[in-house]
Amino acid sequence: MSKWTFNAIQVRQDGQIEKVGLSPHQFTRIDKYIAALEAAASSTVANPIFSQYFVRESVVPVLGAIVPAGNIEYGLCQALHGEEAIVAAYRSRCGRSTQDVVIGIIAGSPGNIATPCGNCRDILLDDLGTDFEIVSGVADGGEAVVANMSHFLFSKFKTLSTIEIHPDLDNMIKVTIHHGDLLVNDAFSPKNVHPERKYHALIATKVERFVGAHDVMCDYHPIYALRDAIRQARRKHDPFVQSVVIVSKGSGEKAPHVMYKDRQHLLSLNLQAELLAKEENDPPVFLATYDDKHKVTGLWQTSVKQWLPLPFTSRNFGQEHIELLTNYYKGIRR
Ligand SMILES: [Zn+2]
């Protein structure tokens with residue numbers, strides 16, 4: 001008899017996530033979920049010297065030994081997250097072989113659904129794909145929740161016409177292309193690997209437009225375009241996002257791929273605005289591709305919240321933390 005009881009999650013028609021019982025297939029995998037949680041609970045890898053937020057993790061491959069992992073903090077509030085540690089440790093043990101894995105996470109309270117941060121979604125997506133399970137629980141037992149990697153991804157953007165683009169949006173797209181080309185600093189990324197990820201970004205507030213572009217250096221720890229625009233918005237103490245534009249070169253077949261790390265940073269800026277304005281807001285995000293003559297070839301729409309399901313934000317840490325954060329943001333307004 002396990003000390004954990006298991007539930008799964010599914011996406012409703014309206015896009016909301018709800019808990020459900022395990023599927024018949026998942027019932028056959030309960031031994032893997034238990035093994036993943038037990039290995040994570042006994043993992044001694046985590047060393048969060050700043051946050052003291054211990055995230056103990058493990059990965060259970062079909063073949064080979066269970067691999068413990070955890071979060072390691074360094075520098076100044078710089079973190080190697082548990083999921084990043086998982087990828088490195090798992091590949092060290094198992095090489096590049098492709099096999100079914102289950103990730104176990106011990107953190108939070110019973111019944112919590114795992115919420116990998118944006119950057120962890122980026123590395124999990126690229127290295128382990130879109131279809132594997134993550135089970136989360138606490139060491140003492142209780143409800144544990146099984147999610148699939150696909151629950152943390154979103155690319156079902158609404159397609160818009162490129163024939164009649166609203167003049168304001170058309171103007172913002174042109175501004176983003178022009179100023180993004182002036183700002184971009186990327187001598188190091190290969191031209192033909194994931195060209196849909198080479199995008200510029202524009203954040204429009206009530207009074208300003210902030211353009212950002214990728215800043216890539218030889219150590220391959222880039223600042224992505226949205227974060228670049230966010231820095232400018234913060235310098236003007238203007239986090240009040242009204243709309244966002246993303247542009248990348250492309251034929252219109254697929255939308256620009258905005259890294260989940262960047263989506264999360266945008267959500268954090270929007271949270272700052274929500275806390276200061278005392279009201280929730282979900283600004284639209286427009287994604288455009290364009291050709292060599294800067295003609296728009298594809299146009300899509302989503303929103304700051306829609307394209308990052310099950311987000312990892314300060315709201316995950318509870319109301320007391322939100323009040324501290326609100327007071328901090330009020331304090332830095334000049
Ligand atoms: Zn993470």
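The structure this text deals with has already been given above.
Rules and cut-offs
- Residues numbered from 1 in each chain as written.
- Predicted model: local features only at pLDDT ≥ 70, side-chain atom pairs only at ≥ 80, totals over all residues.
- Heavy atoms only, no water.
- Helix = DSSP H or I, 4+ residues; strand = E, 2+ residues; numbered from the N terminus.
- Polar contact = N/O pair within 3.5 Å; in protein donor to acceptor, adjacent residues only side chain to side chain.
- Contact = heavy atoms within 4.5 Å.
- Phe/Tyr/Trp six-rings, centres within 6.5 Å; stacked < 30°, edge-to-face > 60°.
- Lys NZ or Arg CZ within 6 Å of the ring centre and 35° of its normal.
- Expected span 1.5 Å × (residues − 1).
- Buried < 20%, exposed > 50% of the residue type's maximum accessible area, 1.4 Å probe, protein only.
- Arc of directions from axis to C-beta.
- Salt bridge = Lys/Arg side-chain N within 4 Å of Asp/Glu carboxyl O.
- Donors = N, O, S within 2.8 Å, 3.2 Å for Na, K, Ca; no water.

Of note, Ser189 is situated in the loop between strand S11 (185-186) and strand S12 (199-205). A polar contact is formed between the side chain of Ser189 and the side chain of Asp186, at a distance of 2.5 Å. In contact with Ser189, not counting residues within four places along its chain, are Lys198 and Tyr220.

Bringing the packing of aromatic side chains into the picture now. All told, the structure shown has 5 aromatic pairs when counted by the stated rule. With 5.8 Å between their ring centres and 90 degrees between their planes, Phe312 and Phe317 make a pair best called edge-to-face. Taken together, the aromatic side chains of Tyr53, Phe312 and Phe317 make up a single cluster linked through ring pairs. The positively charged end of Lys261 is found above the aromatic ring belonging to Tyr224, 5.9 Å away from the centroid.

Our next topic: the environment of His237. In this structure, His237 sits in the loop between helix H6 (225-235) and strand S15 (241-249). Looking at His237, its side chain comes within polar contact range of the main-chain oxygen of Ile332, at 3.3 Å.

On to helix H5 (residues 167-183). Along its 17 residues, H5 runs 24 Å from first to last C-alpha, staying within 8% of the 24 Å computed at 1.5 Å per residue. When we look at burial in H5, the residues that qualify are Leu169, Met172, Ile173, Thr176, Ile177 and Gly180. The buried side chains of H5 occupy one side of the element, clustering within an arc of 135 degrees when seen end-on. Turned more than 90 degrees away from the buried face of H5 sit Pro167 and Leu182, all of them exposed.

Moving on to the pattern of salt bridges. Tallied over the entire structure, the rule returns 13 salt bridges. The closest approach of N and O atoms between Lys19 and Glu143, which form a salt bridge, is 3.3 Å. Of this pair, Lys19 sits in strand S2 (residues 17-20) while Glu143 sits in strand S9 (residues 142-148); the two residues are 124 residues apart in sequence, bridging distant segments of the chain. Here Lys174 makes a salt bridge to Asp170, at a shortest N to O gap of 2.9 Å. On the criterion of helical spacing, the pair formed by Lys174 and Asp170 is a turn pair, its members being 4 residues apart in helix H5. Lys174 gets classed as partly exposed once you look at its relative accessible area, which sits at 47%. One network of salt bridges, with partners in common, ties together Glu274, Glu280, Lys305 and Arg315.

Attention now moves to the coordination of the zinc ion. Tetrahedral coordination by four donors places them ideally at 109.5 degrees to one another around the metal; octahedral coordination by six donors ideally gives 90 or 180 degrees. The zinc ion binds to the protein through His81 (ND1), Cys117 (SG) and Cys120 (SG); the donor distances cover 1.9 to 2.3 Å. In the primary structure, the donors to the zinc ion are separated according to the pattern H-x35-C-x2-C. On the criterion of sequence distance, the pair formed by His81 in the loop between strand S6 (78-80) and helix H3 (82-94) and Cys120 in helix H4 (residues 118-128) is long-range, its members being 39 residues apart. Judged by its relative accessible area of 25%, His81 falls in the partly exposed class.

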